[in-house]
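Structure at a glance
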Amino acid sequence: MIPTTFEYTKATTVADAIAALGNGDGKILAGGHSLVPALKLRLNQPERLVDISQIAELRAIREENGGLVIGAAATHNDIATNPLVRSKLPMFAESAGQIGDVQVRNRGTIGGSLAHADPAADWSAVVLAAGATIAVQGPKGARKIAASDFFTGIFMTALAEDEIITAIHVPVVAGARATYQKFAQPASRFALVGCAAQRTPDGQVHIAFTGLSDTPHRDHAAEAAVSGKPLDAAAIAAAAAAAGEGVSINVDHYASEKYRKHLAKVYLKRALEAIA
Amino acid sequence: MSTNYIGKSVKRVEDKRFVTGKGNYTDDIVLPGMTHGMFVRSPYAHAKIKGIDTAAAQQMPGVVAIFTGADLAEVNGVPCGWQVNFKSGDTMKEPKHPLLAHGKALHVGDPVAFVIAETREQAKDAADAVEVDYEELPAVTNPAAGVQAGAPLVHDEAPGNVAFDWELGNPKAEVDAALAAAAHVTTLEFVNQRMAPNAIEPRSYIGAYDTTSDKYTLYTSTQNPHLIRLLMCAFVLGIPEHKVRVVGPDVGGGFGSKIFHYTEEALITWCAQKISRPVKWTSTRSEAFMLDAHGRDHVTKAQMGFDANGKITALKVHTYANMGAFLSTFAPAVPTYLHGTLLQGLYTTPKINVDVTAVFTHTNAVDAYRGAGRPEATYLLERLIDLSALEMGVDPVELRLKNLIPPFDGVTQPGYQTQVALQYDSGNYQGVIEKGLAMLGYADFRKAQKEAAESGKLLGVGFSTYIEACGIAPSAVVGSLGARAGLYEVGQVRVQPTGKVSVFTGAHSHGQGHETTFAQVVADKLGIPMEDVDIVHGDSDTVAFGMGTYGSRSLAVGGSAIIKSIDKIVEKGKKIAAHKLEAAPGDMEFANGKFTVKGTDKSLSFGDIALTAYVPHVYPADLEPGLDFSSFYDPTNFTYPFGCHIAVVEVEQETGKVALKRFIAVDDVGNVINPMIVDGQIHGGVAQGIGQALFEGVEYDENGQMTNASYMDYCMPRADDLPMFETGSQVTPCPHNPLGVKGAGEAGCIGSTPAVVNAVIDALWSGGHKVRDILMPLTPERVWTAMQ
Ligand SMILES: Cc1cc2nc3c(=O)[nH]c(=O)nc-3n(C[C@H](O)[C@H](O)[C@H](O)COP(=O)(O)OP(=O)(O)OC[C@H]3O[C@@H](n4cnc5c(N)ncnc54)[C@H](O)[C@@H]3O)c2cc1C
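Everything numeric in this text was worked out from a predicted model, so none of it was measured.

To continue, consider the interface of chain A and chain B. On the chain B side, the residues contacting the 23 residues of chain A number 29 residues. Each partner contributes to the roughly 2200 Å² buried at the junction of chain A and chain B, and carbon and sulfur atoms together form 54% of this total. Ranking the residues of chain A by area buried against chain B places I2, R189 and H253 of chain A at the top, with a combined share of 26%. Our count for the contact surface shared by chain A and chain B stands at 7 salt bridges.

Attention now goes to the nonpolar core. Grouped together as the largest cluster of nonpolar side chains are 197 residues, with contacts concentrated most on I207 and L272 of chain A together with F114, V651 and I690 of chain B. With 11 residues, helix α18 (residues 747-766) of chain B is the largest single contributor of residues to this core. In this view, F114 of chain B contacts G37, M38, F39, A65, I66, F67, L100, L267, I268, C271, V279 and W281 of chain B; residues no more than four positions away in its chain are not counted. If you look at the next biggest cluster of nonpolar residues, it comprises 38 residues, including I70, L128, A132 and A147 of chain A.

What follows deals with unusual backbone geometry. With an omega of 0°, the peptide bond between I472 of chain B and A473 of chain B qualifies as cis. Among the secondary structure elements, A473 of chain B is positioned in the loop between β18 (458-467) and α13 (475-480). Looking along the chain, the bond that leaves M776 of chain B and enters P777 of chain B is cis, with omega of -10°. Tracing the backbone shows P777 of chain B in the loop between α18 and α19 (780-787). The phi dihedral of N65 of chain A is positive, around 50°, even though this residue is not glycine. Relative to the helices and strands, N65 of chain A resides in the loop between β4 (61-64) and β5 (67-71). On the accessibility criterion, N65 of chain A (78% relative accessible area) is exposed. Even without a glycine there, the phi angle at S276 of chain B is positive, about 55°. Along the chain, S276 of chain B turns up in the loop between α7 (263-275) and β12 (279-282).

Residue and element names in this part refer to chain B. At a closest axis distance of 8 Å, the pairing of helix α9 (residues 374-392) and α18 adopts a crossing angle of 25°. Here α18 runs roughly parallel to α9, going by the angle between their axes. The two elements α9 and α18 cross, and the hand of that crossing is right-handed. When α9 is examined against α18, the residues R374, P375, T378, Y379, E382, R383, D386 and L390 are found in contact with a partner set consisting of C749, I750, T753, P754, V757, N758, I761 and W765.

This part is about the domain arrangement of chain B. Residues and elements named next belong to chain B. In terms of domains, chain B is made up of domain 1 (31-137 + 201-252 + 258-291), domain 2 (295-473 + 637-787) and domain 3 (488-633). In this complex, domain 2 contributes 22 residues to the contact, which on the side of domain 3 involves 20 residues. For the pair domain 2 and domain 3, the two sides together bury roughly 1400 Å², of which 64% comes from carbon and sulfur. Where domain 2 meets domain 3, there are 0 salt bridges. For the interface between domain 2 and domain 3, the tally reads 8 residue pairs in polar contact (both at pLDDT 80 or more).

Glancing now at the sheet that holds strand β27 (residues 658-668) of chain B. All names here are of chain B. If you trace the 4 strands from one edge of the open sheet to the other, you get β18-β26-β27-β28, paired in mixed fashion. If you trace the sheet from one side to the other, it starts and ends with β18 and β28 (725-729), each paired once. When the angles between neighbouring strand axes are averaged without regard to direction, this sheet yields 15°. Relative to strand β26 (residues 642-651), β18 is paired through 10 bridges, and the arrangement is antiparallel. If you follow S464 over to β26, its bridge partner there is H645.

Turning our eyes to something else, we now look at the sheet that holds strand β13 (residues 205-210) of chain A. One key point about sheets: their strands pair by backbone hydrogen bonds, in either a parallel or an antiparallel sense. Residue and element names in this part refer to chain A. The strand order β11-β12-β13-β14 describes an open sheet built from 4 strands, whose pairing is antiparallel. What marks the edges here is a single partner per strand, and that holds for β11 (177-184) and β14 (217-218). When β13 meets β14, the two strands line up antiparallel, connected through 2 bridges. Bridge pairing in β14 places F209 opposite H217.

Residues and elements named next belong to chain B. Tallied over the entire structure, the rule returns 6 cavities of 30 Å³ or more. Reported here for the largest cavity is a volume of approximately 240 Å³. Along its surface, the largest cavity is lined by 24 residues, and H97, Y262, T263, L291 and N364 are the ones closest to its centre. Each of domain 1 (31-137 + 201-252 + 258-291) and domain 2 (295-473 + 637-787) gives at least three residues to the lining of the largest cavity. Tallied by class, the residues present in the lining of the second largest cavity amount to 3 nonpolar, 5 polar and 4 charged. Summarising the domain contributions, the lining of the second largest cavity has at least three residues from each of domain 1 (31-137 + 201-252 + 258-291) and domain 3 (488-633).

Further remarks concern a nonpolar patch on the surface. A contiguous nonpolar surface patch, about 290 Å² in accessible area, is contributed by M1, L41 and L43 of chain A. A relative accessible area of 68% places L43 of chain A in the exposed class.

Let us now look at the pairing of strand β2 (residues 47-53) of chain B. Residue and element names in this part refer to chain B. Judged from the 2 bridges that link them, β2 and strand β4 (residues 104-105) form a sheet pairing that is antiparallel. Across the sheet, A47 pairs through a bridge with A105, a residue of β4. Direction of pairing for β2 relative to strand β6 (residues 131-136): antiparallel, over a ladder of 6 bridges. Its bridge partner lying in β6, K48 is registered against E135.

Moving on, we come to the side chain of N192 of chain B. Within the secondary structure, N192 of chain B is located in strand β8 (residues 184-195). When sequence neighbours within four positions are dropped, the list of residues in contact with N192 of chain B reads R296, D297, H298, P375, E376, Y379, Q692 and M776 of chain B.

Thresholds, definitions, all that
Residues numbered from 1 in each chain as written. Chains lettered and ligands numbered in written order. Predicted model: local features only at pLDDT ≥ 70, side-chain atom pairs only at ≥ 80, totals over all residues. Heavy atoms only, no water. Contact = heavy atoms within 4.5 Å. Buried area = accessible area lost by both parts, 1.4 Å probe. Salt bridge = Lys/Arg side-chain N within 4 Å of Asp/Glu carboxyl O. Core = buried A, V, L, I, M, F, W, Y, C linked by side-chain atoms within 4.5 Å. Buried < 20%, exposed > 50% of the residue type's maximum accessible area, 1.4 Å probe, protein only. Helix = DSSP H or I, 4+ residues; strand = E, 2+ residues; numbered from the N terminus. Axes fitted to C-alpha atoms, helices over the stretch in contact; angles between N-to-C directions. Parallel < 35°, antiparallel > 145°, perpendicular 65-115°, else oblique. Left-handed = near helix turned anticlockwise from the far one by under 90°. Domains from an automatic or database assignment. Polar contact = N/O pair within 3.5 Å; in protein donor to acceptor, adjacent residues only side chain to side chain. Pairing = 2+ DSSP bridges. 1 Å grid on protein atoms, 1.4 Å probe; cavity = no way out; pocket = protein on both sides within 12 Å on 5 of 7 lines; lining within 4 Å. Points joined across faces, edges and corners; volume = space filled by probe spheres on them. Nonpolar A, V, L, I, M, F, W, Y, C, P; charged D, E, K, R; others polar. Patch = residues over 30% accessible without salt bridge, like charges linked within 9 Å, V, L, I, M, F, W, Y side chains within 5 Å. Areas by Shrake-Rupley, 256 points an atom, 1.4 Å probe, with all protein chains shown as cover.

Rendered as structure tokens:
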């Protein structure tokens, strides 16, 4: 419950932050709601923390090329209450409101959640189903990573150690319907299983799971069962039958493999029914 | 006597400082020159300590001293406060519980070294640098497994890991015969799971030593400072009591876990003298999860027999009670005298036998946790009777009513003698059940349940009745049962010259609101405003003596001691008043703060008399000045609160998730001084009991690691898990204490757990899932699995 000694820098620009981060021994501090508990348990012992929470450009939420750009340091609460998000990407507001409690939502950020890549975090399923792109920047410049390439394992991402996430770019498709449904782990209230689903007017369906396995992922088999078809009971049942098959399923205190897989099917069904 | 305060929901006096952040907890205290300690703790549940290398740590910045078990080889361990003998008459096995492990570590978190530094951070850094060479040994965590042949041994001196075995009630042969003759026998094997107490304030201690006076001070987050002083001085450190002051400042919850004398308390006091500087240690939340004494952990087999008319004919119980690696202060009393003795419940069961095997395991110590033994007894009885009703196809309420002990007031009718040693004081058990049923609307509920089942919804109702033994306890009785201390209480009432009153009580609030309720009582009894009364507690230098707060005893025992002192004040006051008014003391009466010559308008106020007592110019020749009395009150019996709790749940078929829809608690806690505080106690207790039913439970893996030692995994009940509680009350005064009070601190936690589990089982049966039992906590997965 006592961290090791570290230096603390408050960055005012992205360039500052990248410079201060250095290579390997520094850590970005955003909302601190994943990092600080890890520091206190000494699971993480960085030499330097670079606080990005006060960088205005990282906190903005704006429209660009018909889509929305959500700054990496936007808090869960910023997103849940933002009018643009509420009207154009209601799934984002819906899921943000299900994260933790008010204190957590007031400090925790979307960028922090994605970078931390907790296998049970809510945002991961949402950005996957929305087909979002994650904008990152480092000493070698900026690049964009598709959400589907971002999560590489348990607490692991495609982000390099010297890079920071700057924004999440989310396409807005007129007439799309999307939802995030989660069965909360009773103690942590993270997703025991979370399912995000999005259906665009062309009938394409994206289905993503979090909490189910080590890595949040799209479920292509379930998507195939419903894409390009009317979302009727038979199609939903077929998608549910496919859901969670062929992935290595997490086992913990609150769910065996069998139960978690069952929940994946139940929550997929609920998600598809909600957007049908 | 007027009652300006008693029976009224006076707002809590102490809340002003608590809600404004002005509370003064042990960790808030900073003494000059204070150092900070951190423990090096065993990561293994069972290991040989082959070597400890502190050389590198000694060189770390700020390090003041490092102690290991070898430094304390000559120091006693912490004692157990209650001795239970084997059935054979042999004394229980009581292996030394050293302040620091020496040679072997016997549970995860067993302290191996204590590092003291200038700051807490430096102490932590240095503790991380201590190198310990362990040889891991096999461990056992489950008490039923612990007694099996070949199980890893915790202590060489306790073969089979048995700490003691114990039996109570009717001879086993008679109970077996009654069961054999029964028309129906319900058998249930179950676990009453281990609970982490989770007080919001972690344990915190400061030891200090004054070289010139050779006097020690221990600040401690405790429920009973004098008891800690007694145990630490007499049994561990061998320091005379007049050289030790123990202070319990504000204490942020305990639920039992802060009763016990912990090794850290004695160690820190010992260290303060060794380094001649104050030392503070505050538990981390991780340490609190692993090392605050846990509760429950019973592995039980119980059988209840019925005759053809549904009358209970016999009850037979065997429990393996997990003691953990060491016997904590009250641990032996919990599965025995606080559990076995409650197995009569509210029922007329004519034959009862209870057999308990207390087992050492490589786990943290288990001791009293809110309710302590009584929840385990209630859970057992109420699960059995509900399951019996399901198996016999009869209504669970009718089955209870059929077997209920009839009402008795304990004054004109005698107390009720149970088969398991206790004599209940007074009771109207039917009353609380009927009230609960009316609040529920039982007939309507069954209709709604049927309709719900037809549309695929699983609604269920669960009942539970309980009785508990509180007001702990008559010293002679508990002494004969093995308690190594008396369990009276001390109350001193000091009237100041101006008529203001300071009350010193040995009870020690850790959330109960004594500063309010005790002041209400004193103010009414003396006919003065509450603001004129100050309640002082928690300091062995100001309070003469005391046994502390647990077992719902503070008002019943501590309040009674205060009443005794008030009686003495009034009696002396009458003598002073009689002298001043030139009347006979026998002609004086005292009411509403006035001493009056009976039948006249000649009177003197309480304030006049107080002043006269301290400025005795016109004063009886044979009377000492002053108005200050101290009394010890030793109760003549336990008190027996009782009640009926009802839960309504809905189980989600698809996921097994339980939603608690309603919770009705009708409690009879005797007379009520402050209904708001009683309600608060009931609410908190009910939430805690629901926590055990649905959410909480310590889990160990086969290596003895606690696998859910954080709030990420250990699920506490939260506000949005709970419905608005519906509380009802009935008052059957306690016949044997002056306030007629029984105690309300644990009731909620005792009645609620089985009500919730029974409701879930009822819901499942309503949908055709004939499930007999589900292991607590009833997580969604467990409930879902039971339906498959
Ligand atoms: C009580 C509680 C309940 C919670 N409940 C939920 C829940 O229900 N669902 C859920 O999904 N989450 C939950 N969380 C986690 C919460 O959402 C965290 O806020 C989030 O996971 C991390 O975001 P942060 O801004 O706090 O990041 P920090 O803790 O500051 O950082 C987390 C990690 O990300 C890195 N990082 C942060 N920002 C960036 C960036 N822009 N670029 C690169 N790296 C970065 C940091 O270096 C660190 O490694 C909960 C947390 C708490 C404390």
